[in-house]
Each structure stands twice: as C-alpha cells, then as structure tokens.
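Summary of the model geometry
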Amino acid sequence: SQGSAALAWGDSSACSRSCSRAPCPSVPSRHGAVKAEDTFKTSPFHLDLWFYFTLQNWVLDFGRPIAMIILPLEWFPLNKPSAGDYFHMAYNVITPFLLLKLIERSPRTLPRSMVYVSIITFVMGASIHLVGDSVNHRLIFSGYQHHLSVRENPIIRNLKPETLIDSFELLYYYDEYLGHSMWYVPFFLILFIYFSGCFSPAPRHSRLPPAALLLLGPSGLYYWYLVTEGQIFILFIFTFFAMMALVLQQRRKGLRLDSNGLFLFLSFIITLLLILAWVGWLWNDKILRKKYPGVIYVPEPWAFYTLHLSTLHAAKGAS
C-alpha cells in the first residue's frame, strides 16, 4: 500500500509539473474576470433586449411624470404614492435585470465583481431618487416651479420656521445630486463595460438590421432626456469620449464593433446631436440661464415645461 501511495503521489507531482510547463484549461473564476479560452466572437444583434430596454425606458422613466400629471388627482391623493411612483418602482426592478441580461450576452467574459457592485449602487441610487423625485413632483400641484431654485420658490421661501427650507434643500440634494450620481454613474459604467466586449476581427464594418435602425431614434432621444433631465452631461460626454477612444484603439488592432456595439455608439452620437440642438435653441433664455449658470448650460426639460408650458396647460384647463 505504501508503494501504491508513493506511485500515486509521484503521478500527481508529475502532472503538476507538466501543468506548470504547459497551458492548462482555465477554471471558471468566481469573479469571472477573464476566461483563458475567450476569443473574439461576433454576437448577433440582441433585438429583444434592446427593444425591451428602449420600451421600458420610455414608459417607466420618461412616462412617469407624464402619467402623474395626466391621471386624475383623485385616483392618487397627494399623501399617497402616485402613478409615477409605481412606474419608478417597476423601473428600479426591470432595468437592473435587463442590464444583467445584456452583460450575460456579451461575447466576452466581463468583470463580474464590478458589474455586481455597479448594479447594487444603481438600485440604491434609483431608490433614493424615487423618494426625492416623488415629493418634488408632487410640489408642482402646490405651485412649485422647477425653473427656480429651492429658496427662490414662492411656496418655499415663506415657510416658518426657516429650518424647513433647509429640509427641502436636503430633499432636493438627495433627488438631484446624490440620487442621480448613484443612479447614473453605475448605469453608464455598465454600458461602457458591455461596450468594451463588442469588438471582433471583422473584415467589414458591421451593419445594423432594419429593426435596429428603427430603434436608433427612440434610443437616442431617450438618452437625450436622461442626460438633460438628470443633469449628467459631463458624465455622458466622458463616457462617449471613452467609447470613441476605445473604438480607435481597437481599430488599430484590426477589431471592429459588432452590431450591438454599433447600435449603442450610434445612439450616443444621436444623443449628442440632440443635446447640441437643445442647448442652441434655449441659448438666449435668460430665466433658464439664471438657474443653470456656468460654462456648461444644459437646461432640464421639466424646468422648460414649468416655465413655458405649464401656464399654457393651465390656461387651456381654465377655458
């Protein structure tokens, strides 16, 4: 038995030495950093995921304040969650799920630890934003004007004691700054991580299927709303420049974007063009200029609505 044990030990030692000299098959990492057998592959266009992603963005994100304004107030009293709040809750569940499914379909193995941390932070930031945004949008029914700062609003500056104003400013901070940062930074990080795996050695440029071309407009328009309403132009433009730099770097290696990466990249280009048109249109608006001072001037669509369109809406309702 001692001879058999020695023989077995010798075989295992020999196997270990040979494995150290020759490449061994990779063992799936718990964090999923990189697989040794990963090769560049062309992934088919994920029409189902991009369609669901675009649809739920429009309905659950862009549509939630519209639903809150259109639906009768009697259905959702001001001291209860509104229809927009339920839309936001659904968005906070469906969006991270779709992002995870998108990462799963990447032709390359992506860093899972970073993806998981980003998803967790995304859900936490979107949930913080849910509370702050719910209260801020409800204040519209009391005369709150989004094109003014918190302290300049007539319904806020007359509050007593004045410490209540600090509380509303804290709420605005959670809504517009902390919530947006924890929501959008991981959101764009996940998109960039996915984009980094959308390259393959193709002799020709990838072409988008006709269905993808139909989705380009709605996708780019939604990102315009996301960037302008979320006040995240700097984050967006840095992400776009990083994507452009990655495209140029991979092109030197003979790698091209697949159809999914091309769809995302073209969507961002459309978004940038829409933002430039939006800023050029409102460039001379003195009131919005006062609320958005500084070099980067990107007005929020809802600030434009409360300034120029809410009075027209109220006048039509009165007539």
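Note: the structure precedes this text.
Residues numbered from 1 in each chain as written. Predicted model: local features only at pLDDT ≥ 70, side-chain atom pairs only at ≥ 80, totals over all residues. Heavy atoms only, no water.

With that out of the way, let us pick up the packing of helix α4 (residues 112-138) against helix α6 (residues 163-196). Close contact between α4 and α6 brings their axes to 7 Å; oriented N to C, the two are set at 150°. On the basis of the axis angle, α4 is roughly antiparallel to α6. When the axes of α4 and α6 are compared, the crossing they make is left-handed. Looking at the contact of α4 with α6 residue by residue, the classes come out as 19 nonpolar, eight polar and two charged. (Axes fitted to C-alpha atoms, helices over the stretch in contact; angles between N-to-C directions. Helix = DSSP H or I, 4+ residues; strand = E, 2+ residues; numbered from the N terminus. Parallel < 35°, antiparallel > 145°, perpendicular 65-115°, else oblique. Left-handed = near helix turned anticlockwise from the far one by under 90°. Nonpolar A, V, L, I, M, F, W, Y, C, P; charged D, E, K, R; others polar.)

Take the environment of L98 next. With respect to the helices, strands and loops of the structure, L98 is situated in helix α3 (residues 83-104). Owing to a relative accessible area of 10%, L98 belongs among the buried residues under this scheme. Spatially, the C-alpha atoms of L98 and Y52 are 8.1 Å apart, while their sequence positions differ by 46 residues. Excluding residues within four positions of it along the chain, L98 makes contact with L49, Y52, F53 and Q56. (Buried < 20%, exposed > 50% of the residue type's maximum accessible area, 1.4 Å probe, protein only. Contact = heavy atoms within 4.5 Å.)

Scanning the entire structure with this criterion turns up four cavities of 30 Å³ or more. Roughly 180 Å³ of internal volume is contained in the largest cavity. Contributing to the lining of the largest cavity are 19 residues, with D133, H137, E176, E229 and E300 lying nearest its centre. Counting only elements with at least two residues in the lining of the largest cavity, the list comes to α2 (47-70), α4, α6, α7 (210-230) and α11 (301-318). When the residues that make up the lining of the largest cavity are grouped by side-chain class, the tally is seven nonpolar, five polar and seven charged. Taken together, R64, P65, M68, S82, G84, D85, H88, L130, D133, S134 and H137 make up the lining of the second largest cavity. If you list the elements that add at least two residues to the lining of the second largest cavity, you get α2, α3 and α4. Of all the elements, α4 adds the most residues to the lining of the second largest cavity, at four residues. (1 Å grid on protein atoms, 1.4 Å probe; cavity = no way out; pocket = protein on both sides within 12 Å on 5 of 7 lines; lining within 4 Å. Points joined across faces, edges and corners; volume = space filled by probe spheres on them.)

Read these as layout, nothing more, since geometry by itself doesn't imply function.
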